[in-house]
Structure formats: structure tokens, C-alpha cells
Amino acid sequence: MRLTYILLCVVAFCVACDPLANPHHGSISFSSDTLFFDTVFTSLGSATLEVRAKNKSDRPLIIDKIWLAGGSASPFRINISGSPDYQSDDVVLAARDSLFVFVEVKIDPLDSDLPVSVTDSIMFQSGNNISRVFLQAWGQDIFLLRNEKLGDTQWSGSKPYVVYGDLMIDTAKTLSISNGVRVYFHNDASMTVAGKIVVAGDKILPVLFASDMTYKDYEDVPGQWKGITFESCSSGNKINEAVIRNADIALSVNGDPSKGVPDIELFNVSVLHNSVTSLYACHSDVKAANCVFGHTGFSAVNVVSGGHTELIHCTIAERWEYNFRSEPALHIGKGSGTQLPEVRVSNSVVTGDKLNEIEIEGTSPDIVSQILFDTCLIQVDTLSSSWWDHRCFKGAITGKNPGFINWNEYDYRPDTLSELVDRAGKIKSLLYPEDIRHKPRPAFKGPDIGAYERQKGEKSN
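A brief look at the structure comes next. A quick note: this is a predicted structure, and the numbers were derived from the prediction, not measured.

Cut-offs applied
- Residues numbered from 1 in each chain as written.
- Predicted model: local features only at pLDDT ≥ 70, side-chain atom pairs only at ≥ 80, totals over all residues.
- Heavy atoms only, no water.
- Pairing = 2+ DSSP bridges.
- Helix = DSSP H or I, 4+ residues; strand = E, 2+ residues; numbered from the N terminus.
- Core = buried A, V, L, I, M, F, W, Y, C linked by side-chain atoms within 4.5 Å.
- Buried < 20%, exposed > 50% of the residue type's maximum accessible area, 1.4 Å probe, protein only.
- Contact = heavy atoms within 4.5 Å.
- Phe/Tyr/Trp six-rings, centres within 6.5 Å; stacked < 30°, edge-to-face > 60°.

**So, the sheet that holds strand β1 (residues 29-30)**
Pairing is antiparallel in the open sheet, where five strands are placed in the order β1-β3-β8-β5-β6. A strand with exactly one partner marks an edge of an open sheet, and here the two such strands are β1 and β6 (83-85).

Below you can see the structure in the form of C-alpha cells.
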């Protein structure tokens, strides 16, 4: 009798210690009642999202059935406890515990230029309690390019272009890109230009070059594709009204004294969120006006080895939260050559969180005939810079905070008391009567330094 009593106590103790013993039916709570997928390219899978089913009671809960309302025909797939399927039965959830349900979607081609909404629901049944989590995705047909070489080509329309591998524009051929076109690059994808590209965005519909991770959380994540490289035989490149982001080296213009000097003109272009540099120019000719370069892991703009670079009403702004940034915002060097490139910077701001955001390889005699900054705000320690020569920095504003509206949101518009306001030279500004947003320049007494012109009422919150 005593032995039987001991055994009963042991069994009762084990049952009491089992967090899944004696489950009951009840209500289920969720971390979110709806999962929204950003644009999903047809024939390509989405990122994986998650939702948590929560048992808020003090007893284990049995979920009789979890299933996709659309069944096996649904474009969505769920993964519960490592099992990818569209249904799972008899799931027991411990008291105060959560169950992770992972969701992905793959959409078949839609035969439509515009995005199409795709919906479904994850259903949960526990006894008489039935609840659901809604699923919604926007499917978008695409033009998919895998390691292709292009001749003379025109891109236009509403369907995005998605690049896998390397896209080559052949020698002496032109890729023309119309306003509103979106070009997305898969991981490690790239574009190589041996011919030329002509990008014609406008103020309503700029052209976008970005990662194919289209979720908003990835918009400012660097290093998701390699970038665009212009070879020495490339010439006549023009990029107007565009956004280029998320690359390693966004724009790499690579010349060679023995092979050729490539050239590119940039107008109203934002080049941001790149892991190495936003603009690399080696023995090449570059002209940029009303452009923004920033949030890069090393130098936002790196100009080396001869050639000519002109920057007018540009904003070069560097802060980097991922790790220590060892290089300044603007680097001008000799590279493998013996002479500095010719660099002219007008009405521009070069700033960041380092003491020196400009580095020039050489000494004062090296730069006198090669470098000129005219009416710029620059972050430079003039005492510690061996190359500093006041003759090369006319009307320079040094050691001043530019006073952007919001550094953290990459909002480089001048705030109310910004040192940039009304300080730019008027002669160069006459060539560009509107800023990068097509706002009038000047708006007050005089033009502002940088790509943005402060407008009435604009200020930090």
C-alpha cells in the first residue's frame, strides 16, 4: 500500500512538472493581426516574415488545427516548428508561451504592368475558438535579366527590371532609361558599362537603382549589390534625376591613361547607403551638380589618378553607425600615378563626424594648381592638414556645423539657423536656379550651400 502511494505521488509530481500536460481549449492572441509583404516579384520568392501565436493563460493550450485558408493552392507557405506546409494539427502551447509561425510567398506571373494584391489567412482552431491572421502581398511582374549583354536598348514602363549576376552594356552601345524606371539588383549583382547609359528621370518620376530587397527596413542597408562600373572605353554617360543606393561601390568610373578616360555627368542624383564608397573616379572626367553623396563605410567620394572632377551645389555628408569609419568623406589622391586629379568644388558642403572630412595626398605645393574649393562649407582642421593652402579654398567656411534638419533620417536640408543658408556664390548658382528637389534657388537673400535650398517653413521638429 505504501509503495502504491509513493508511485502515485511520483506520477502526480511528473504530471505537475510537465508544462504540456492536460491542455485545454481556449483563445489565442497574436503579435499582429495582419502580415503585410512589400512588393513581391513574380516567380521569385519573398523574404520570410513571422507572427507569434500567444497563450496568455496559466494552463497549456491545445491548438487543434493551424492552416492556410487557401490550402495548397495558396501562394503563401507557412512553417511551424520547422515543418513547411499549409497545415499543422494538434499543436500544444505551454502556459504563457508563444509559437512562431514563419510565412513566405511566391507569386506566379500576373500578366500585368501594375502590382496586384494577393491575400490569404492563417486560421487557428482551438475547440470552438477560431481566429485568423490576415496575409497580404503585392505581386509585381518584372523583366528578369541574368548575366546578359545588351546592345542598344531602351528601358521604360511600369515593370521593374531585376538583375541577377552581371549586366553588361556592350562597347559602343547605349542603354537608355526613361523616367520612373526601377532597376533592382539581387545580392552580388552588378552593372558594367563598356558603352554608355543615358538615364532620363524627372522630378515626378526619378529612376531608381537599388537592392531587390524592397522592404522599407532595407532601404538604408548598405552592401546589398556590387554597383555600376564604367570601363575606360565608356563615354557620354548621363544620369539625371535618379536615386542610387544599397551597393558596395555605387558608381565606379575607371579610366586608364593608355586605354581611355571615361566620363559621366550627374544631375539631381542621390547616392546613399553604400558599404565602400558612393562615387569612385580614377583617371576619369566627372561632373556632378545638385547631388548628394553620403552614408558610406569609407569615403563617400574618392577621386584619384588624374582626370577632372567638378562638383557644384553638392552635399557630401558622412556618418556611419555600423563600425569605425577610417576614411574621410572626400578623398583626393594620386592613386597609382604621380599627379593629383584636377578637382573643382563650388557651393558645396563636405561634412561628417570626423575632425577632418577631407584628405588630399600631398602638400601645399602639390595642390595649388590642381585643387580649388570655392564658397564651400568644409569640415577640416586647417592646423593639422599638411596640404592646407588658403589660396585653394576661397571663401571657405571651416569648423562649423552645417545644421541639417535631421542627420539620422538623412535629411540634409538646411535648418533655420544653418551656416549653409544664403552663403553660396551667386555666379555658379545662376546655372542651377533650382535645387535637387526643384525648389527655387535662391529662396531668401541668396543661394544656399549644398544640394538643398531651404524653403519657408522648413525646420527640424
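**What to know about the pairing of strand β10 (residues 129-140)**
Sheet topology note: the strand β2 (residues 34-41)/β10 ladder contains six bridges and is parallel. By the bridge assignment for β10, Phe36 is matched with Gln136. Pairing analysis gives 11 bridges linking strand β9 (residues 116-126) to β10, with the strands arranged antiparallel. Counted as the bridge partner of Ser126 is Asn129 from β10. Linking β9 to β10, which pair antiparallel, is a turn of two residues; within it Gly127 sits at a positive phi near 65°.

**So, unusual backbone geometry**
In this structure, the amide linkage connecting Arg441 to the following residue, Pro442, adopts the cis form with an omega of 0°. Inspection of the secondary structure puts Pro442 in the segment after α3 (426-429). In this structure, Asp188 is a non-glycine residue whose phi angle is positive, near 70°. One non-glycine residue, His283, adopts positive backbone phi at about 45°. Tracing the sequence through the fold places His283 in strand β25 (residues 277-289).

**Points about the nonpolar core**
In summary, soluble globular proteins display a tendency toward joint burial of nonpolar side chains. Among the nonpolar cores identified, the biggest contains 63 residues, and Met191, Phe209, Ile239, Phe293 and Phe373 are the most heavily contacted of them. Beyond its immediate stretch of four places on either side in the chain, Ile239 contacts Ile197, Val199, Ile244, Leu251, Ile264, Glu265, Leu266, Phe267 and Val269. With 28 residues, the next largest nonpolar core counts Ile28, Val40, Leu61 and Ile78 among its residues.

**Structural notes on the packing of aromatic side chains**
For the coordinates displayed, the defined rule picks out 17 aromatic pairs. Between Phe41 and Tyr184, the ring centres sit 5.3 Å apart and the planes meet at 40°, which makes this aromatic pair tilted. Of this pair, Phe41 sits in strand β2 while Tyr184 sits in strand β17 (residues 182-185), and the two are 143 residues apart along the sequence. For the pair formed by Phe41 and Tyr184, the shared burial category is buried. Pairing Phe185 with Trp225 gives two aromatic rings, centres 3.9 Å apart and planes at 5°, and the pair type is stacked. In this pair, Phe185 is assigned in strand β17 and Trp225 in the loop between β20 (207-211) and β21 (227-230), connecting sequence segments 40 residues apart. Assigned by exposure class, Phe185 and Trp225 land together as buried. Taken together, Phe373, Trp387, Trp388 and Phe393 form an aromatic cluster joined through their ring pairs.

On their own, these measurements won't tell you what the molecule is for.
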